[in-house]
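# Coordinate inspection notes
The primary structure of each chain is shown beneath.
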Amino acid sequence: MSQSLLFITALLPVLLYIFIIWATTPNKSISIKNSAIYFVSGILSVSITLTFSRLFPTSQSIILGDPIFSMFFFSFIQVALFEELCKFIGFKIAELRRGGDNYFYDSAFAIMFYSGISALGFAFIENLFYATHYGGQVLLMRSIHAMFLHFVCGLVMGYWIALSRIPTKLRNRSPVENWTATYPRLKTIIYYSLGIGSAPFLHGLYDFNIFTKGNFTSNYLILFSGAIAAFIGSRF
């Protein structure tokens, strides 16, 4: 398969995911221009990942010791947390690229969507890498599983970022809003931490199940994904 065909084949699932979300949202709730900025930021986050790996080459080496613990640490920390942090940095760079504080007034849904698109930019380059090294036949399965996982992790992180920007209510406050009513920056730190923690947890479950070549975490992954979907659906 030629390089140009690989590129198009890897890009098509991205466009499909974006089109499905765009076609089912209220008119003008999502900016195509901003979507492109966030997609490029996801591609940029791959560069951040590669730069860090070059500077610290042993950071991706599996630690010695108990094999289950080693694979657990590798899946959740060395891969999932590391990649999600880089995607978060890419997302913040996109917000800075938009200039001013315009991004602060995005709707909660738009923030989730842009975060998901940024993750798709990362997954797009990752798919190209795998297709180049292992052949174009891997694109179909990766577009269904790995790319969708990155997209969902982006939505999860975007959900918590969106919550950090919703003004604190005078009534019916959440416990976090009560604790941080006089410290808005603390509210941001708490919700950002939840986003940076929950997305790698979902990502890590997926990777750990693949790396251990079994169904060790399949049920947990399904339950966790369903719980996230139900929780987010109930809030929005």
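Predicted model, so just to flag it, every value in this text is computed and none were measured. (Residues numbered from 1 in each chain as written. Predicted model: local features only at pLDDT ≥ 70, side-chain atom pairs only at ≥ 80, totals over all residues. Heavy atoms only, no water.)

## Points about the overall build of the protein
A tally of regular secondary structure across the protein gives nine helices and zero strands. Starting at the N terminus and walking to the C terminus, you meet the elements of the protein as α-α-α-α-α-α-α-α-α. Counting only residues that meet the buried cut, the protein has 44% of its 236 residues in that class. Contacts spanning at least 24 positions in sequence make up 75% of the contacts within the protein whose residues lie at least 6 apart. Just so you have it, the protein exposes about 13,200 Å², and 70% of that area is on carbon and sulfur atoms. (Helix = DSSP H or I, 4+ residues; strand = E, 2+ residues; numbered from the N terminus. Buried < 20%, exposed > 50% of the residue type's maximum accessible area, 1.4 Å probe, protein only. Contact = heavy atoms within 4.5 Å. Areas by Shrake-Rupley, 256 points an atom, 1.4 Å probe, with all protein chains shown as cover.)

## Concerning the nonpolar core
Judged by nonpolar contacts, the single largest core of 38 residues is most densely connected at Val14, Tyr38, Tyr114, Leu120 and Ile161. Elements supplying a minimum of two residues to this core: helix H1 (3-23), helix H2 (32-55), helix H3 (67-98), helix H4 (108-134), helix H6 (146-165) and helix H8 (184-211). Ranked by residues supplied to this core, first place goes to H4 with eleven residues. (Core = buried A, V, L, I, M, F, W, Y, C linked by side-chain atoms within 4.5 Å.)

## Thoughts on empty space enclosed by the protein
Taken as a whole and assessed by the stated rule, the structure comprises one cavity of 30 Å³ or more. Roughly 60 Å³ of internal volume is contained in the largest cavity. Lining the largest cavity, in full, are Glu84, Lys87, Phe88, Phe91, Ser115, Ser118, Ala119, Cys153, Gly154 and Met157. Among the secondary structure elements, those contributing two or more residues to the lining of the largest cavity are H3, H4 and H6. (1 Å grid on protein atoms, 1.4 Å probe; cavity = no way out; pocket = protein on both sides within 12 Å on 5 of 7 lines; lining within 4 Å. Points joined across faces, edges and corners; volume = space filled by probe spheres on them.)

## Side note on the environment of Cys153
Within the element layout of this structure, Cys153 appears in helix H6. The spacing of Cys153 and Leu120 is 33 residues in sequence and 9.9 Å in space, taken between C-alpha atoms. Those residues in contact with Cys153 that sit more than four places away from it in its chain are Glu84, Lys87, Ala199, Leu202 and His203.

## Here's the deal with H1
With 21 residues, H1 ought to run about 30 Å at 1.5 Å a step, and its terminal C-alpha atoms sit 30 Å apart, in line with that. For H1, the complete set of buried residues consists of Leu6, Ala10, Pro13, Val14, Tyr17 and Ile18. Here the buried face of H1 lies against H2, H4, helix H5 (138-144) and H6. (Expected span 1.5 Å × (residues − 1).)

## Brief notes about H3
An ideal rise of 1.5 Å per residue puts 46 Å on 32 residues; H3 measures up with 45 Å between its terminal C-alpha atoms. In H3, a bend of some 35° at Phe74 exceeds every other bend along the element. (Bend = angle between axes of the 7 residues up to and from the residue.)

## Re the pattern of salt bridges
Evaluation of the coordinates by the stated rule reveals five salt bridges. Ionic pairing is found between Arg165 and Glu95, a salt bridge with its closest N-O pair at 2.8 Å. One end of the pair, Arg165, is in helix H6; the other, Glu95, is in helix H3, with 70 residues separating them in the sequence. For Glu95, a relative accessible area of 1% corresponds to the buried category. The salt bridge involving Asp106 is made with Arg98; its shortest N-O contact spans 2.6 Å. For the pair Asp106 and Arg98, a shared accessibility class is recorded, and that class is buried. Within this structure, Lys92, Glu95 and Arg165 form a network of salt bridges that share partners. (Salt bridge = Lys/Arg side-chain N within 4 Å of Asp/Glu carboxyl O.)

## Here we look at the packing of aromatic side chains
Taken as a whole and judged by the stated rule, the model has 21 aromatic pairs. Ring geometry for Phe76 against Phe201: centres 6.0 Å apart, planes inclined by 40°, an arrangement best described as tilted. Here the residue Phe76 occupies a position in helix H3, and Phe201 occupies one in helix H8, the gap between them amounting to 125 residues. By relative accessible area, which is 37% here, Phe201 ends up partly exposed. (Phe/Tyr/Trp six-rings, centres within 6.5 Å; stacked < 30°, edge-to-face > 60°.)

## Regarding the packing of H6 against H8
The description of two helices packed together rests on the angle between their axes and the distance between the axes. In contact at an axis separation of 8 Å, H6 and H8 are set at 165° when each is read in the N-to-C sense. For the element pair H6 / H8, the angle class is roughly antiparallel. Pair H6 / H8 crosses with right-handed handedness. Side by side, H6 and H8 meet where Ala146, Leu149, His150, Val152, Cys153, Val156, Met157, Trp160, Ile161, Leu163, Ser164 and Arg165 of the first sit next to Lys187, Thr188, Tyr191, Tyr192, Leu194, Gly195, Ile196, Ser198, Ala199, Leu202, His203 and Tyr206 of the second. (Axes fitted to C-alpha atoms, helices over the stretch in contact; angles between N-to-C directions. Parallel < 35°, antiparallel > 145°, perpendicular 65-115°, else oblique. Left-handed = near helix turned anticlockwise from the far one by under 90°.)

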